[in-house]
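# A structural walkthrough
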Amino acid sequence: MRLSEKSLTQLSGGVAKPGYDRSKVVGSIVHLGIGAFHRAHQAMFTDAVLASGDLAWGIIGASVNSAKMKNALVPQDGLYALAEMGADSEKVRIIGSIIDVLGGAEDADKLLAKMSDLSTRIVSITVTEKGYYLDPASGQLQLQAPAIAADLAALATPKTILGFIVQALKKRKAAGIPPFTVLSCDNLPNNGKLAKAAVLAFARQVDADLAAWIEASVCFPCTMVDRITPATTDADRAHVNQVIGLDDAWPVVTEQFVQWVIEDQFTLGRPDWTIAGAVFSDEIECWENMKLRCLNGAHSTLAYLGQLTGRETVADAMQLPLITDILDPLWVEIREVLHAPKGVNPAEYVESLKQRFRNPALKHRTAQIASDGSQKLPQRLLAPLRDRLAKGLASPAIATAIAAWMHYAVKIAHTPDAVLNDPQSAEILARARLSSDAPSIVGHLLALDKIFGADLPANADFRALLIAKFVELATNPEVATAAAIRF
Ligand code: CS2
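Residues numbered from 1 in each chain as written. Predicted model: local features only at pLDDT ≥ 70, side-chain atom pairs only at ≥ 80, totals over all residues. Heavy atoms only, no water.

### Topic: helix H10 (residues 284–308)
Note: α-helices contain 3.6 residues per turn, so residues at a spacing of three or four share the same orientation. The end-to-end C-alpha distance of H10, which contains 25 residues, comes to 34 Å, matching closely the 36 Å that a straight helix rising 1.5 Å per residue would cover. In H10, a bend of some 25° at Asn-296 exceeds every other bend along the element. H10 sits mainly inside the fold: 22 of its 25 residues count as buried. Downstream of H10 by one or two residues, Gly-310 has phi in the positive range, about 70°. (Helix = DSSP H or I, 4+ residues; strand = E, 2+ residues; numbered from the N terminus. Expected span 1.5 Å × (residues − 1). Bend = angle between axes of the 7 residues up to and from the residue. Buried < 20%, exposed > 50% of the residue type's maximum accessible area, 1.4 Å probe, protein only.)

### Quick look at the sheet that holds strand S2 (residues 58–63)
Ordered in space as S5-S2-S1-S6-S7, the 5 strands form an open sheet in which the pairing is parallel. Two strands in the sheet have a free side with no partner beyond their single neighbour: strand S5 (98–103) and strand S7 (181–184). Taken over all neighbouring pairs, the strand axes of this sheet differ in orientation by 20° on average, direction set aside. By the bridge criterion, 5 bridges tie strand S1 (residues 27–32) to S2 in an arrangement that is parallel. In the sheet register, Gly-27 faces S2, and the bridge partner there is Gly-58. Set on the sheet, helix H2 (residues 42–51) makes contact with S1, S2 and S5; between it and S2 the angle comes to about 160°. (Pairing = 2+ DSSP bridges. Axes fitted to C-alpha atoms, helices over the stretch in contact; angles between N-to-C directions. Contact = heavy atoms within 4.5 Å.)

### Description of the site of the ligand
Surveying the vicinity of the ligand reveals the residues Asn-187, Asp-226, Arg-227, Ile-228, Lys-291, Asn-296, His-299, His-364, Ile-369, Lys-376 and Arg-380. Asp-226 is positioned with one of its side-chain polar atoms (N or O) 2.6 Å from an oxygen atom of the ligand. Within the side chain of Arg-380, one N or O atom sits 2.9 Å away from an oxygen atom of the ligand. Notes on the ligand: free accessible area 340 Å², of which the protein chains cover 88%. When atoms are counted within 2 Å of each cavity's grid points, the one that captures over half of the ligand is the largest pocket. (Near = heavy atom within 4 Å. Polar contact = N/O pair within 3.5 Å; in protein donor to acceptor, adjacent residues only side chain to side chain. Areas by Shrake-Rupley, 256 points an atom, 1.4 Å probe, with all protein chains shown as cover. 1 Å grid on protein atoms, 1.4 Å probe; cavity = no way out; pocket = protein on both sides within 12 Å on 5 of 7 lines; lining within 4 Å. Sits in = over half its atoms within 2 Å of the grid points.)

### Notes on the pairing of strand S6 (residues 122–125)
Side chains of S6 alternate between two faces, with Ile-122 and Ser-124 and Val-123 and Ile-125 buried alike. Bridge analysis of S6 against S7 gives 4 bridges, and the strand direction is parallel. When the bridges of S7 are listed, Val-123 appears paired with Val-182.

### Details of the nonpolar core
One finds Met-406 and Phe-452 to be the most contacted residues of the largest nonpolar core, which totals 87 residues. The residues that make up this core include at least three from each of domain 1 (6–280) and domain 2 (284–484). Look past the residues within four positions of Phe-452 in its chain and what remains in contact with it is Leu-377, Leu-382, Arg-386, Ile-402, Trp-405, Met-406, Leu-445, Leu-446 and Pro-457. By size, the runner-up hydrophobic cluster in this structure holds 40 residues, among which are Val-123, Leu-141, Leu-162 and Val-182. (Core = buried A, V, L, I, M, F, W, Y, C linked by side-chain atoms within 4.5 Å. Domains from an automatic or database assignment.)

### Describing the domain arrangement of the protein chain
Segmentation of the protein chain into domains returns domain 1 (6–280) and domain 2 (284–484). The straight-line distance from the C-alpha centre of domain 1 to that of domain 2 is 29 Å. Opposite the 33 residues of domain 1 that make contact, domain 2 presents 33 residues. Both faces considered, domain 1 and domain 2 share a buried interface measuring about 2,600 Å² in area, 60% of it formed by carbon and sulfur atoms. (Buried area = accessible area lost by both parts, 1.4 Å probe.)

### Some remarks on the side chain of Thr-400
Its place among the elements puts Thr-400 in helix H16 (residues 396–413). Here Pro-396 takes part through its backbone oxygen, which lies 2.8 Å from a polar atom of the side chain of Thr-400. Not counting the four nearest positions on each side in its chain, Thr-400 is found in contact with Ile-326, Lys-469 and Leu-473.

### Observations regarding the environment of Thr-309
Checked against the element boundaries, Thr-309 lands in the loop between H10 and helix H11 (314–317). Relative accessible area serves as the criterion here: at 16%, Thr-309 is assigned to the buried category. Sequence-wise, Thr-309 and Phe-487 are 178 residues apart; in three dimensions their C-alpha atoms are separated by 21 Å. Setting aside anything within four residues of it in sequence, one finds Thr-309 in contact with Leu-320, Leu-322, Ile-323, Glu-478 and Val-479.

### So, the pattern of salt bridges
Tallied over the entire structure, the rule returns 19 salt bridges. A salt bridge links Asp-226 to Arg-356; its shortest N-O distance comes to 2.9 Å. Placement of the pair is Asp-226 in strand S8 (residues 223–226) and Arg-356 in helix H13 (residues 346–358), with a sequence separation of 130 residues. Accessibility expressed as a relative area gives 2% for Asp-226, which makes it buried. Here the salt bridges share partners, and the residues they tie into one network are Lys-70, Glu-106 and Asp-107. (Salt bridge = Lys/Arg side-chain N within 4 Å of Asp/Glu carboxyl O.)

Below you can see the structure in the form of structure tokens.
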């Protein structure tokens, strides 16, 4: 029997479900990018707020270019199972905070109308790094990107999140309705500031007065979000459905750890997410940098090295001494230039990450994390690298991690039918194929200025170190790089 409001009475014993009256929940948060991460994180925090009796904060989830989630969740009245997996225990519960789901072109008008309405107080976002259309190295909005250019030419029918946000704000301004808060929950440093920069750059192309109004009156709080949430597999679906005793088309499997640190700046109020452990803080930059560099930087390193050594999951990759012997010094290099938040011991933080990465119950695929390297490397690995260069410190472990990304790209470039999942794949693969000689391959890839800027390719010492690490990986018998490389 399909999971739904009605079938909740048939739920297996011991599985928690919403105890509040969902028909009384007011939809005041529109979430753009309703994937597994949002459902494991913000929707879970909001569920706790509703359970505390404050029914003012229901979520309308949306995907601007796909109806897949809508088709899975609408027949279930927005309900889904969240399985929180520890190394040897699991907790499964039903989350009720998503009260409607919109998706794809067919719902574009409805989504825009909802975002333009006074009832929408927060527009939260998880669209991954590439959804902001910012150049990774410079942070400039990619006005030439076809999707952005198309939205600017036909703003009444937007297709990107920037188009939706700016058009909805334009309508609110025209109707005298105060703006919503834009709450970025993506893995970017200063995510609120980047969201603001992207929205303003877009709005300036539309109307200077509108841009000035947005700049003066819209809040874009920064947030640090953390919960390791792999894409749901068929095996996860079968397992969770067996536990709950009902059919959930798209359950979420996540870890037990969760963290959310938020800057407290909201235009039209906010839920009390502290009920589920969220923290409001002014120290967001320190929290974000620690998480992006220590967790995500190590994650990307594990992903590329894991892909080169045949390790399918993060937990598998953590078992390989070759990889942990690179990760340990990587964390030291990152920590040496880290400004940790007050009261946090970075060494303990890193120890806790090791435990989380080793969690065997999470089948987090290295291939999933290896995607979108062009968007991830700058904040995860190149930022600490630049901090170290500024202090005259060498960074052999960070260089190894970047060399691993290069090998990953080169290997895909030389494997028939292999796909590099990255918005810049065409440029990366073309460069990866230009030469088979190690120093030239490194040189060609390092010249990708949208990723590496102008400073890193110009640094002769760093380039030499990177070439040495690239060769070191290629000559290691445990590492399977492309066969064609010459030294
Ligand atoms: C991962 C993140 O896929 C990736 O790039 O590094 O999704 C990571 O699992 C989350 O940031 C954890 O909070």
